[in-house]
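Chains, contacts and geometry: an overview
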Amino acid sequence: MYSIIVFPGEGEGVPNPVAHATLTQGESFQHVDGTTAYKFYIQNNAPFNSCNVHVLAQVDSL
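Residues numbered from 1 in each chain as written. Predicted model: local features only at pLDDT ≥ 70, side-chain atom pairs only at ≥ 80, totals over all residues. Heavy atoms only, no water.

1. Some words on the overall build of the protein
Applied cut-off: The helix count covers DSSP runs of H or I at least four residues long, the strand count covers runs of E at least two residues long, and both are numbered beginning at the N terminus. What the globule rule says is 2.2 Å times the number of residues to the power 0.38, and the radius of gyration is computed from C-alpha atoms.
Looking only at helices and strands, one finds zero helices and four strands in the protein. Along its sequence from the N terminus, the protein presents helices and strands in the succession β-β-β-β. Relative to its length of 62 residues, the protein is extended, with a C-alpha radius of gyration of 15 Å against a globular reference of 11 Å. In terms of overall dimensions, the protein has a C-alpha envelope of 50 × 20 × 15 Å along the principal axes.

Here's what the structure looks like:
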C-alpha cells in the first residue's frame, strides 16, 4: 500500500503555492525471487505550481 505527502513547490509569479497531487497504482510485477514490484504514477494537480512528493510504502513481511 502506498500513500503520498505533497508539499508545495515554488514558482515564479505564484504568490500562494498549492500542494495537490494524485497517486495512482498501476500494474504489479512478480520477480523470480518471490518479491513484487508495483508501478505507480503521481500527477501534479496544481497548475502553474511545482510540488515535492514523499512516497510512503507499507511493507508487510512474514
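2. Some remarks on the packing of aromatic side chains
To describe a pair of aromatic rings, one takes the distance between the centres and the angle between the planes. Under the convention used in this document: Planes of paired rings set the category: under 30 degrees apart is stacked, over 60 is edge-to-face and the rest tilted, where pairs are Phe, Tyr or Trp rings (Trp by its six-membered ring) whose centres lie within 6.5 Å. We call a residue buried when its accessible area falls under 20% of the maximum for its residue type, exposed when it is over 50%, and partly exposed in between, using a 1.4 Å probe and counting protein chains only.
Enumeration over the complete set of coordinates arrives at two aromatic pairs. When the centroid spacing of 6.2 Å and the interplanar angle of 70 degrees are considered together, the rings of Tyr2 and Tyr38 count as edge-to-face. Taken together, the residues span a long stretch of sequence, with Tyr2 in strand 1 (residues 2-8) and Tyr38 in strand 3 (residues 36-44) at a distance of 36 residues. For Tyr2, a relative accessible area of 23% corresponds to the partly exposed category. Taken together, a centroid distance of 5.0 Å and an interplanar angle of 35 degrees make the contact between Tyr2 and Phe40 tilted. Taken together, the residues span a long stretch of sequence, with Tyr2 in strand 1 and Phe40 in strand 3 at a distance of 38 residues.

3. Details of the environment of Tyr41
In plain terms, the rule: Here, residues are in contact when the closest pair of their heavy atoms is within 4.5 Å.
Here Tyr41 is to be found in strand 3. For Tyr41, a relative accessible area of 45% corresponds to the partly exposed category. Each residue touching Tyr41, except ones within four places of it in the same chain, is listed here: Thr22, Leu23, Thr24 and Gly26.

4. Let's talk about a nonpolar patch on the surface
The criterion, for reference: Patch membership needs two things, relative accessible area over 30% and no salt bridge, and members are linked within 9 Å if like-charged or within 5 Å if nonpolar (Val, Leu, Ile, Met, Phe, Trp, Tyr). Per-residue and other accessible areas were derived by the Shrake-Rupley procedure at a 1.4 Å probe size, with only the shown protein chains allowed to occlude residues. By definition here, a salt bridge exists when the distance from a side-chain nitrogen of Lys or Arg to a carboxyl oxygen of Asp or Glu is within 4 Å.
A cluster of nonpolar side chains, namely Ile5, Phe7 and Leu56, defines an oily patch on the protein surface of about 240 Å² accessible area. For Phe7, the position within the fold is in strand 1. Overall, the relative accessible area of 35% leaves Phe7 in the partly exposed class.

Read these as spatial facts, not as claims about activity.
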